[in-house]
Structures are given as structure tokens and as C-alpha cells.
Amino acid sequence: MTHLPGTGGPKPGPVTYEAPVTIKRMLFATWTLLDSLRPDLKAAALVPDMNAPGRVDWDFIPKPDRAGIPLHALDRHQKVLAHTLLKAGLSMRGYSQALSVMATENMLREIEVLERGFGVLAGNFRDPEGYWFSFWGRPGFEDTWGWRVIGHHLSLNYTIVAQRYLTVTPLAMGAQPVGAGVLDALGENERRALAILHSLSPDAQDQAVIHHVAPADFVTRQVPRVGAEEWSDWVDLGIVGYEITDEDREKLRFVKADPSGLSGADLTGDQLTAVRDLLLYYVETGPDELSRQYREQVLAADPRDIRFAWAGGREADTAHYYRISTRDLLVEADNAVAAGQHVHAVWRDLNNDLGHDLLLDHYEKHGPDGRHLKRRLESNRPTKDAPLKTDGWYVPEVYVKH
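What counts and what doesn't
Residues numbered from 1 in each chain as written. Predicted model: local features only at pLDDT ≥ 70, side-chain atom pairs only at ≥ 80, totals over all residues. Heavy atoms only, no water. Core = buried A, V, L, I, M, F, W, Y, C linked by side-chain atoms within 4.5 Å. Buried < 20%, exposed > 50% of the residue type's maximum accessible area, 1.4 Å probe, protein only. Contact = heavy atoms within 4.5 Å. 1 Å grid on protein atoms, 1.4 Å probe; cavity = no way out; pocket = protein on both sides within 12 Å on 5 of 7 lines; lining within 4 Å. Points joined across faces, edges and corners; volume = space filled by probe spheres on them. Helix = DSSP H or I, 4+ residues; strand = E, 2+ residues; numbered from the N terminus. Nonpolar A, V, L, I, M, F, W, Y, C, P; charged D, E, K, R; others polar. Axes fitted to C-alpha atoms, helices over the stretch in contact; angles between N-to-C directions. Parallel < 35°, antiparallel > 145°, perpendicular 65-115°, else oblique. Left-handed = near helix turned anticlockwise from the far one by under 90°. Salt bridge = Lys/Arg side-chain N within 4 Å of Asp/Glu carboxyl O.

Engineer: For this particular structure, what's the right way to read the nonpolar core?
Structural biologist: Generally speaking, a soluble globular protein has its nonpolar side chains buried in company with each other. Grouped together as the largest cluster of nonpolar side chains are 81 residues, with contacts concentrated most on M26, F133, F135, W147, L154 and W347. Once residues lying within four places of it in the same chain are set aside, the contact partners of L154 are F60, A98, V101, M102, Y131, V149, A172 and M173. Core analysis: the next-biggest nonpolar cluster, separate from the first, contains 17 residues, V226, Y242, A336 and L350 among them.

Engineer: What exactly am I supposed to notice about empty space enclosed by the protein here?
Structural biologist: Space left empty within the atom packing is revealed by a probe, the size of a water molecule, rolled over the atoms. Under the definition given, this model contains 2 cavities of 30 Å³ or more. Put simply, the largest cavity is a space of about 50 Å³. Taken together, Q97, L171, M173, L186, N189, Y282, T285, A345 and W347 form the lining of the largest cavity. When residues of the lining of the largest cavity are traced back to their parent elements, those giving at least two are β7 (171–175) and β15 (343–349). Across the lining of the largest cavity, the residue classes tally to 6 nonpolar, 3 polar and no charged. Put simply, the second largest cavity is a space of about 40 Å³. Those elements giving two or more residues to the lining of the second largest cavity turn out to be β4 (145–151) and β5 (154–161). Top contributing element to the lining of the second largest cavity by residue count: β4, with 3 residues.

Engineer: When you look at the packing of helix α6 (residues 187–199) against helix α9 (residues 269–283) in this model, what are you seeing that I'm missing?
Structural biologist: Between two packed helices, both the angle of their axes relative to each other and the distance between the axes serve to describe the pair. Their axes nearest at 10 Å, the elements α6 and α9 cross at an angle of 160 degrees. The angle between the axes of α6 and α9 places the two elements in the roughly antiparallel class. Seen along the crossing, α6 lies across α9 with a hand that is left-handed. Facing α6, whose interface residues are E188, N189, R192, A193, I196 and S199, α9 presents Q271, A274, V275, D277, L278, Y281 and Y282. Looking at the contact of α6 with α9 residue by residue, the class counts come to 7 nonpolar, 3 polar and 3 charged.

Engineer: Before we go on, may I ask you to explain the packing of helix α3 (residues 76–88) against helix α4 (residues 92–115) in this structure?
Structural biologist: Viewed as axis vectors pointing N to C, α3 and α4 meet at an angle of 130 degrees, and their least axial separation amounts to 9 Å. Overall, the two elements α3 and α4 adopt an arrangement that is oblique. Across from H83, L86 and K87 in α3, the residues of α4 making contact are M92, Y95, L99 and M102. In terms of residue class, the contact of α3 with α4 is built from 5 nonpolar, 1 polar and 1 charged.

Engineer: Any chance you could explain the pattern of salt bridges here in plain terms?
Structural biologist: Oppositely charged side chains are able to pair whenever their charged atoms sit close together. One pass over the structure, following the stated rule, counts 19 salt bridges. The partner of K63 in a salt bridge is D57, with the nearest N and O atoms 2.8 Å apart. A relative accessible area of 25% means that K63 is categorised as partly exposed. Among the ionic pairs, R249 bridges to D246, the shortest N-O distance being 3.1 Å. Remark: D246 and R249 occur in helix α8 (residues 246–252); sequence separation between them is 3 residues, near one turn of the helix. The buried category is assigned to R249, whose relative accessible area is 13%. Through salt bridges that share partners, D184, E188, R191 and R192 make up one connected network.

In C-alpha cells, the structure reads:
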């Protein structure tokens, strides 16, 4: 069924995803940044095709073919504009974590100069300004578009649908080393997860620990949308020395309809609160306006639909992994490579990573080509003898003049 403009219709999914204030901040910050760029930089930053393949490649490993514009290509004022946009997509704590991820590249550079002999090469390879801003579609009023910030250990992905709905996942961060002095982007996440595991009785720990070997990276990998079942890769790309078997992969697999791990119904009240709080600690790196809606959803979820799963060692200085899942959300944190000193963490919306279901719903109603904007420029009936053009909207007979 279609609906007259302005009459609404069914809201998509269990969370409304409505964030008009945040979207407006993002839109104005995007306009200001894009307008400040030279034509060549603007062309590199903006991809008119919302469905271009690059939009769904959110992998945050170092790559030689990053799209967009890096921070180091911007002047001082443009960097301020870029950071204003970055903050628009995050809570203040989330923004501080992202800054910590970026700054840790300085630490990693110095470690690799000393331990791996990279020398001057490390200056380009580990760069706190090696983070790329990209935009897809047409950032405009009532339009559908997306933007991203990506670089080593940071992947922030935003999809805006019709200036009404917002998704912010996948939202991934990493850290190496873990706890680099005062730079500790994911340390609190680690401490909370270990506290939950250690609070469990031996029997409950046995239910939570799904395998004695941790995966090399996210079990769901970097797929644009989590499928019905996902298996981890054998290795973490580009890192030699940590490899798992097919048997390990099967034990670690994530099945969306029946995730493994300890049920929230088998936790004590304090333990259940701690698991929910850790899940929300990830979610609340995103903008406050959206996080409040996710919080309501998480707190209302049936404890039986919450799963806490662990793999690998049970102490901080071992190779380990954990995940928390509900019917709609998934958190994964892997700290296997370098035995607890190289963590990757992500939270995902199982229905709307990269705006998936919201975009399908929007395109079904409005098409992918901005026809709602074209309607503003076209007469519905240019002459009295011409047919009435409604562009797919259902128009009741009472509204049609004969």
C-alpha cells in the first residue's frame, strides 16, 4: 500500500531511527566542508551514486586505494570543519574515543620504528591524519545520502534516508597497543567484558565460553550486511602468525536466528545489567539522539534474546574474543593477535547496517533517483486535457478534479 505525501505510513523496524536534529547538523557541516574544498578535492570526496560499490567497503585495515579526502590534505580551517562533522556523528565520549584511536597511530609508529625497523616509512604508514572523509549521493534537504570516516582502526559509517532516518553502523574501532599510556580508546570496554566473565559461576562460564580458541578477527568479518550465518576468516589480513582451523571456525560461527553463548535469562540481575550496560557502552559512542532510542530497545528486550559469548583465554593478556547479541544488535570484540595487545571492536545493527532495510523501504516508495525532488519542478497536469501525474502516489477520487 502507498500513502499520500505527509500521511506517514508504517515505521520501519523496531527502532524508529529518527534523528532530525543530528541529521541537520551533519547536513550543514557537510555543506560547509564541501564548499570549502578546491574542485579536485571536492570531486575526490563526493560520489554522486549512492549505490557505488565503495560505500559498502567499510574495512579499516590500511589500504593503498582509499577513496575520499584525507585529513592531511586539508588546511587548518578545513580540518576544524572535518572534526565538526566527525563530532556530529558521535557522542562526546565516542568522539574522544575516535580521537584516541587516531592519536594512537603516533604510538604505533614509534613502536614499529624501534621494533620492526620501518624507519622513515612508518611516518606515512602510521599517520594520525591518515583518515579519509567520503560522501555518497546528494547531501541535501529531504534527500538520501551517506558519509564515512575511515582509516586504520577507525570506520564510521552514516546513512541518511530522506532527512528523516539515520543509521550509524557498522561502527568499528581498534587499538594497538591496548592501553598506550593515557591513550586507552577501548580499555574500558575490555575491563567491563572481563569483569562480566569473571563474575560468572564456573558452570555459567562454561556456557558462555563457546570455544577455547579466539578468532583472528570479527566472526562476521566486514560483510556489508550480516547474513543468516557467518564464519570467521582463518587469518587477520596482513598479519602473520595467528591462524585458526575450520573446526575453530565452526565452533565460533554466528547464527543470527540462534546465536551461541550464555542467555541473559541465566544471568543474575547484576550480571544482566552489566551485559546490557556493556552493549550500550558501544552503542552510545553514536550520537545521543539515536542512542536514546537504542537504549529503550535494549532495556525492553527479553533477557532470553540476549547472548553473551566468549572465546579463547579468560585473562587480559591472552588471545580472547567476546560478543553480545540481541535480535537486532551485535557487538564483537577480538583481541587475539599479539595476545591481548591488538583489539578490534565493532557494533552492528543486524537489520540496518549501512541503512539496508531503511533504504529498501525508501526506494520501494520513492525510487532511488530523487524523484521526490523532481516532483517539485513538474506540473501535475500541464493542460486540462493531460492525464494527472501522481508519480505512484495513491490519490483518492475526492482529490481528483474532473
